Amino acid sequence: MRKLIYLALVAASTFALVQSCKKSNTDDSTKAASSFDRKGLLTNVSANIIIPAYTAYQTSVVNLDAAIIAFNAAPDAAKLATVQTTFKTAYLQWQSTSEFEFGPAASVSLRVNTNTYPASVDQINANVAAGTYNPSLLANLAAKGLPALDYLLFGTGADNTAILAMYTTDVNAAKRKTYIAALSTELKTNINTVVTAWASYKATFISADGTDVASSIGQLINQLVYDYEILKNFEIGVPAGVQSQGAALPQKVQAYYSKISVQLAIAHIQAIQNLYLGKSSVGDGLGLDDYLVQANAKSSNGTSLNDNIKAQFAAALAKLQTLSDPLSTNITTNQTAVTSAYTELQKLTVMLKTDMTSSLGILITYGDNDGD
Amino acid sequence: MKKTLCALSFAAAVLVITAGCKKNNDTTEPTFNYDVPATYNFSNANFADATTRLGMATEIGNLTKLATSGPIDGPKIKAMLTNTGAPFTTAVYNTSGIQLNDQFAPAFKTDVLKFIDSLVAVSATGKVASRNVAGVGSATANAATKYALTGLGLNYAQVINKGLMGGFVTYQEATIMGNIASYDNNTVVNGSTAMEHAWDMAFGYWGVPIDFPTNKTGVKFWGSYTSQVDAGYHANTILMNAFLKGRAAISAKDTKTVAAQVAIILDAFDKLGAAGALQEVQEAKADISDNIVRNSRMSEMYGFVYGIKYNPKRTLTDAQHTNLLSLFPANLYDLTLTQLNALRDAVAAPYGFDAVKDLL
């Protein structure tokens, strides 16, 4: 597949070269692509998108951790509600944070340590009962992070009165309090490490401005596409049954217990779109869209690839906006709506993963497994 | 398809070899002038027995996969090893008069029986796999994807499969290549010399079509894995080139070129064990949060790493190999990311794969 992409690239650039001969303008697309200000893109993305996302998530996790400490000291309904609110804010912010799994985030495996779902209720309960857990065991990935807190804060009882009892009168109340405190501490430790490391990594990131597999553009695009596939597959596709011959698996949605799955998916696709556009609170800076335009990238039918990607982002977002929380219920009552959202998301995958990468000469380095 | 581009440049590079055209001193270097073809289409090539044995090994693999749906027939699998009692679905294998077992590395002959026993036991528990419980587990993302794991998380179907690659194929490559000079290259029997035929068998065991890597139809065992690791280690071209050049050189009695290709092939099969293991690290990471899938991937890695010991031409010392195995946790359910990365680094370093360890 990787060689195929190369081949497609060679073919595409040759084609573009031939095309450009028709115009008096002698600039060919390869030359145009190579003259693109990649350093400018990396500067914009790191300063205005990545670092602000990390610090905003860090703040949200610090608030969550503080709310849990306050709740544990004297659990009551008001403090439970505060914990739940801070949790939702942190989960929402995570959606804009998960796409940068390279450099500092990759070295602490931030993504899987933060957001492995569906949570394993059995493993969580075993850890609570044991009064201890080893955060570095991969077997504990599904028993920690935001999904475990999702269960512990929203799923341990039918309503908040019942949930509160799990932290006050239940036989394991003290151990459960210890466990949620340990989980939020681990979240905080991980993001602190990443934020600290980015202070020096930023210069490294900006200076690696080539297009090879180790370059920042290469890593950024790989992780953008990878994260997008997580959204498509695990937030929508798998629960909607696309990998289980149509049998819906609604309990596998992200944020199953706090019931904010659709809200999170929308925030997630918007974050990926913003990264693609280079868009942030300071405005629309250099992004992959500009890079594709400069490379004169076309879809197979000859139309602008960037225009098609932007239109498909809009189409996929519109489909997600027709869904409603709780997504698990939506899947049960109207599975077709969810699978049709998946179909729109899948169309964008092809554009990002195949067309964009081949136009820019970027190799996708994560593999589809061989099915053994 | 993956390698089309490489295949083209490779074809272009394969030209007439003219050795010793230049007289540099008084010693008379023999002069050779022969064509190296672009595909393994030597008119007298014959590796049918190798193809048959790979087919037998594939049937064993197919039978081991049934361990996810109930008790499997251990005696039958063992009978397949020795081709006893017409055990194969493909009838011609049964009457071929050849077997797998006598081609195995000595240590693998006994190991494989234990592996089979372990898999048979797991297949019979009727339990759902979990930590310390042998049975069948499903992938989180797809319940239809199942693996039979021991209580320690080992998927013996994979250990057997990767064991066959190490204890049978690599062992054969290393043995044939290591002894190639001792084969007769003058007397023609059934159209080819003993040396030509031995070389053909080595090519056949690789498990690729004669116009590989342009064509990848029906690749088996290492033939499949050389493509899977090709992004980081270009074994497809390295091996195809060497097999073609060496075979042409044998027919032309160009012993010096033959020896050079032997060295390349031995080196490649030594490295492939590590490359395969590193590829599984990537696959384990792709399913890192799924205990069942991850354990199965780690079992593949374990099979590759364990299988290195069957290669009589391995560069790794016994102590290094023992050390590598010791880096696996006693129970795969207890794996940490730190351990996985340490395993990756330890496998990559002795083979010079540091720079590509995350690409394979």
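A word on the overall build of chain A
- Secondary structure summary: chain A contains 16 helices and two strands in total.
- Buried residues in chain A amount to 48% of all 372 residues.
- Nonlocal contacts in chain A, meaning residues at least 24 apart in sequence, comprise 72% of its contacts between residues at least 6 apart.

Describing the overall build of chain B
- The helix and strand tally for chain B stands at 13 helices and six strands.
- Taken over C-alpha atoms, the radius of gyration comes to 21 Å for chain B, in line with the 21 Å a tight globule of 360 residues would show.
- For the C-alpha atoms alone, the extent of chain B along its principal axes is close to 75 × 50 × 40 Å.
- By residue count, 51% of the 360 residues in chain B fall in the buried class.
- For chain B, the proportion of contacts with a sequence separation of at least 24, taken over those separated by at least 6, is 68%.

Notes on the domain arrangement of chain A
Residues and elements named next belong to chain A.
- What the domain assignment reports for chain A is domain 1 (1–35 + 210–372) and domain 2 (56–197).
- Each partner contributes to the interface: domain 1 provides 19 residues, whereas domain 2 provides 17 residues.
- Elements supplying a minimum of two residues to the side of domain 1 that touches domain 2: α11 (216–240) and α12 (261–277).
- Residue contributions to the side of domain 1 that touches domain 2 peak at seven residues, all from α12.
- Class assignment of the residues belonging to the side of domain 1 that touches domain 2 gives a composition of ten nonpolar, seven polar and two charged.

Section: the nonpolar core
- Counting residues in each nonpolar core, the largest one holds 208 residues, and the members touching the most others are Leu119, Ile160, Ala275, Leu278 and Val305 of chain B.
- Structurally, this core is a two-domain feature, drawing no fewer than three residues from each of domain 1 (1–35 + 210–372) and domain 2 (56–197) of chain A.
- Filtering out sequence-adjacent residues up to four positions away, Leu119 of chain B remains in contact with Thr64, Ala67, Ile72, Ala148, Tyr156, Ala157 and Ile160 of chain B.

Some words on the packing of helix α10 (residues 255–286) of chain B against helix α11 (residues 291–307) of chain B
All names here are of chain B.
- The interhelical angle for the contact between α10 and α11, taken along N-to-C directions, is 170°, at an axis separation of 8 Å. Of the possible angle classes, the one that applies to α10 and α11 is roughly antiparallel. Side by side, α10 and α11 meet where Gly273, Gly276, Ala277, Glu280, Val281, Glu283 and Ala284 of the first sit next to Arg294, Arg297, Met298, Glu300, Met301, Phe304, Val305 and Gly307 of the second.
- Of the residues contributing to the contact of α10 with α11, the split by class is seven nonpolar, three polar and five charged.

Reading the values: rules and limits
- Residues numbered from 1 in each chain as written.
- Chains lettered and ligands numbered in written order.
- Predicted model: local features only at pLDDT ≥ 70, side-chain atom pairs only at ≥ 80, totals over all residues.
- Helix = DSSP H or I, 4+ residues; strand = E, 2+ residues; numbered from the N terminus.
- Buried ≥ 20, exposed ≤ 12 C-beta atoms within 10 Å, placed from the backbone.
- Contact = placed C-beta atoms within 7 Å.
- Rg over C-alpha atoms; globule rule 2.2 N^0.38 Å.
- Domains from an automatic or database assignment.
- Nonpolar A, V, L, I, M, F, W, Y, C, P; charged D, E, K, R; others polar.
- Core = buried A, V, L, I, M, F, W, Y, C linked by C-beta atoms within 7 Å.
- Axes fitted to C-alpha atoms, helices over the stretch in contact; angles between N-to-C directions.
- Parallel < 35°, antiparallel > 145°, perpendicular 65-115°, else oblique.

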